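Chain by chain, the residues run as shown.
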Amino acid sequence: MRDSRQLIVARAVQEVKDGMYVNLGIGIPTLVADALPADVNVLLQSENGLLGIGPYPTEAEVDADLINAGKETVTAARGAAFFDSAASFAMIRGGHIDLAILGGMEVSQEGDLANWMIPGKMVKGMGGAMDLVVGAKRVVVIMEHVNKHGESKIKKECTLPLTGKAVVHRLITDLAVFDFTEEGMVLIEVMEGSSVQEIQEKTEASFIVAAHLL
Amino acid sequence: MANNKVWSSFSEAVEDIGDGSTLIVGGFGLCGIPEKLIEALKNKGTKNLTVVSNNCGVDDWGLGLLLANKQIKKMVASYVGENKIFEQQFLSGELEVELTPQGTLAERIRAGGAGIPGFYTATGVGTPIAEGKEVKVFDGKEYLLEEGIVGDFALVKAWKADTMGNLVFRKTSRNFNPIAATAGKITIAEVEEIVEVGELDPDEIHTPGIYVQRVLLGENYEKRIERRVVKGDI
């Protein structure tokens, strides 16, 4: 059986280009940082006020005053900068972040994203996700194609409360890669071990199959 | 001129924070929280507080102490998922919650401190947080009207201060603290070191003393870490 998480992360890594300023969401997106090739130099932004997240610290380096947005102890990379929360979100909202890679609960065929709240469950809050999806130049969502009941997480319309409307540029799942274009949602890649037919069966949303896959 | 803003007693420094006050409190998670002022407020027992802060601590530390003591009536925050007492009080209706996207929260505080009553942002358009908010179109794109926040008091934690209230923060413990400092009618700062006027390089001051009314020296900072991760853990 394929490890869907590894597949997704390995594909997401290809979205990150040398020289970018990137914000990685909490959870699986964080794993993208460790998988980056050595020749891809990027500055990772942490919305609590750090541009240039470094590796996790050694025991001796642990510093309670230096954490990432997931509240984990980190270090600062060479060339890093610290700033306050308003400056951090000016950076995000102002369109200065090249790429945000975020997790998702549902994505619609219009590129709507839901990833912060399940009705009936305790609301934890959206943190910085709503700002990131409207502010980053490019928003890539990574998630499993179906939920644990085998139901498509890619919907005609999201059933969960939205994080942002028509904000997703690209969606990477364990089965497929889609782009959101003027014409609609387009299947642009079939992941290893999957097929156009399997993707069609497991996707509730309507999508176009790119010409090179036909 | 009130050049010496240093207070020696935390309990006296929070004495005039009355029931029903609105507080803006710095910190992100447990990083850069004014832990001594929160403890003093817990000991004083002030009730019906409206607290504006990115998070609400954990069950037994930070703002979670005020929650456990039932001192908070309303919380304005972006993420509150680390706290079971929070969940209980929210579900029972004891606690009112206004969830605000983190960037909007930061800008509302910044705006409040800068004399700006409202601003437009694309954050939240088409989502549940847009309900009841004015929408305005700029250049074909929709934006929501969000309001600035001013607190009766702001409680902040800095690394160093001079006796005039100029503040310097350290690493990511800066977070919401400098903007919170601007948005309190009375801003109280607790710090790890107080130096004489002139010892801080004017170029290195993050928060000019004009925003700060009281400075206190805290001792034995706990600086609790929420997720201690070291090399090789992940």
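The structure reproduced in this document is the subject of the present report. A quick note: this is a predicted structure, and the numbers were derived from the prediction, not measured. (Residues numbered from 1 in each chain as written. Chains lettered and ligands numbered in written order. Predicted model: local features only at pLDDT ≥ 70, side-chain atom pairs only at ≥ 80, totals over all residues. Heavy atoms only, no water.)

### Remarks on the overall build of chain B
Thinking step 1. When helices and strands are counted, chain B shows six helices and 14 strands.
Thinking step 2. For chain B, the C-alpha radius of gyration of 18 Å lies close to 17 Å, the compact-globule estimate for 234 residues.
Thinking step 3. Seen along its three principal axes, the alpha-carbon backbone of chain B occupies a region of about 50 × 50 × 40 Å.
Thinking step 4. A buried classification covers 53% of the 234 residues belonging to chain B.
Thinking step 5. Contacts in chain B between residues far apart in sequence, at least 24 positions, make up 71% of those at least 6 positions apart.
Thinking step 6. Between the mean site of the 26 positive side-chain charges and the mean site of the 34 negative ones, chain B shows a separation of 2 Å. (Helix = DSSP H or I, 4+ residues; strand = E, 2+ residues; numbered from the N terminus. Rg over C-alpha atoms; globule rule 2.2 N^0.38 Å. Buried < 20%, exposed > 50% of the residue type's maximum accessible area, 1.4 Å probe, protein only. Contact = heavy atoms within 4.5 Å. Lys, Arg positive; Asp, Glu negative; His and termini not counted. Charge placed at Lys NZ, Arg CZ, Asp CG, Glu CD.)

### Here's the deal with helix H1 (residues 4-13) of chain A
Given 3.6 residues per helical turn, the α-helix brings residues three or four places apart onto the same face.
Residues and elements named next belong to chain A.
Thinking step 1. Taken across its ten residues, H1 has seven buried, putting it largely inside the fold.
Thinking step 2. Contact partners of the buried residues in H1: helix H2 (28-34), strand S5 (99-103), strand S8 (139-142), strand S10 (170-172), strand S11 (176-181) and strand S12 (184-190).
Thinking step 3. For H1, the capping residue at the N-terminal end is Asp 3, with a side-chain oxygen 3.0 Å from the backbone nitrogen of Arg 5. (Polar contact = N/O pair within 3.5 Å; in protein donor to acceptor, adjacent residues only side chain to side chain.)

### A short note on the packing of aromatic side chains
All names here are of chain B.
Thinking step 1. Per the counting criterion, the structure on display carries three aromatic pairs over all chains.
Thinking step 2. Between Tyr 120 and Phe 138, the ring centres sit 5.3 Å apart and the planes meet at 65 degrees, which makes this aromatic pair edge-to-face. Here the residue Tyr 120 occupies a position in strand S6 (residues 118-121), and Phe 138 occupies one in strand S7 (residues 135-138), the gap between them amounting to 18 residues.
Thinking step 3. Residue Tyr 120 is classed as partly exposed on the basis of its relative accessible area, which comes to 30%. (Phe/Tyr/Trp six-rings, centres within 6.5 Å; stacked < 30°, edge-to-face > 60°.)

### Some points on the pattern of salt bridges
Thinking step 1. Going through the model one piece at a time under the given rule, you end up with 28 salt bridges over all chains.
Thinking step 2. The shortest N-O distance in the salt bridge between B:Lys36 and B:Glu35 comes to 3.4 Å.
Thinking step 3. On the basis of relative accessibility, which here comes to 14%, the residue B:Lys36 falls in the buried class.
Thinking step 4. Taking relative accessible area as the criterion, B:Glu35 reaches 5% and is therefore assigned buried.
Thinking step 5. Residue B:Arg224 is joined to B:Glu222 by a salt bridge in which the shortest nitrogen-to-oxygen separation is 2.9 Å.
Thinking step 6. Since its relative accessible area comes to 40%, B:Glu222 is described here as partly exposed.
Thinking step 7. Among the charged side chains, a network of salt bridges with common partners joins A:Asp63, A:Asp65, B:Lys157, B:Arg170, B:Lys171, B:Glu192 and B:Lys223. (Salt bridge = Lys/Arg side-chain N within 4 Å of Asp/Glu carboxyl O.)

### Some details on the interface of chain A and chain B
Thinking step 1. Counting from both sides, the interface comprises 46 residues of chain A and, opposite them, 50 residues of chain B.
Thinking step 2. Summed over both sides, the interface of chain A with chain B buries roughly 4,100 Å², with 63% coming from carbon and sulfur.
Thinking step 3. On the chain A side of the contact with chain B, A:Asp65, A:Lys71 and A:Met122 bury the most area, a combined 20% of that side's loss.
Thinking step 4. Taken together, the links from chain A to chain B amount to five salt bridges. (Buried area = accessible area lost by both parts, 1.4 Å probe.)

### Considering the pairing of strand S2 (residues 22-25) of chain B
Residue and element names in this part refer to chain B.
Thinking step 1. Examined bridge by bridge, S2 and strand S3 (residues 49-52) share three bridges and lie parallel to one another. Paired with Ile 24 across the two strands is Val 52, which belongs to S3.
Thinking step 2. On the question of chirality, the crossover connecting S2 to the parallel S3 by way of helix H2 (residues 35-44) is right-handed.
Thinking step 3. In this structure, S2 lies alongside strand S9 (residues 151-157), joined through three bridges in parallel fashion. Across the sheet, residue Leu 23 finds its bridge partner in S9, namely Phe 153. (Pairing = 2+ DSSP bridges. Right-handed = clockwise from strand over helix to strand, strands pointing away.)

### As for empty space enclosed by the protein
Thinking step 1. The tally for this structure, following the rule as stated, stands at three cavities of 30 Å³ or more.
Thinking step 2. Empty space within the largest cavity amounts to approximately 70 Å³.
Thinking step 3. For the lining of the largest cavity, the residue count by class is five nonpolar, two polar and five charged. (1 Å grid on protein atoms, 1.4 Å probe; cavity = no way out; pocket = protein on both sides within 12 Å on 5 of 7 lines; lining within 4 Å. Points joined across faces, edges and corners; volume = space filled by probe spheres on them. Nonpolar A, V, L, I, M, F, W, Y, C, P; charged D, E, K, R; others polar.)

### Re the layout of surface pockets
A water-sized probe rolled over the atoms picks out the places where empty space is left.
Thinking step 1. Estimates place the volume of the second largest pocket at around 490 Å³.
Thinking step 2. What lines the second largest pocket is a set of 21 residues, and nearest its centre among them are A:Glu110, A:Lys165, A:Ala166, A:Val167 and A:Val168.
Thinking step 3. Within the residue set of the lining of the second largest pocket, elements represented by two or more residues are helix H4 (129-135), S11 and S12 of chain A together with strand S8 (141-147) of chain B.
Thinking step 4. Its residues assigned to classes, the lining of the second largest pocket shows ten nonpolar, five polar and six charged.

### Focus: the sheet that holds strand S4 (residues 72-77) of chain B
Residues and elements named next belong to chain B.
Thinking step 1. Read across the open sheet, the eight strands follow the order S1-S14-S12-S9-S2-S3-S4-S5; overall the sheet is parallel. The strands lining the two open edges of the sheet, one partner per strand, are strand S1 (6-7) and strand S5 (96-99).
Thinking step 2. Sheet topology places S4 next to S5; four bridges connect them, and they run parallel. Residue pairing in the sheet places Ala 77 in a bridge with Leu 99 of S5.

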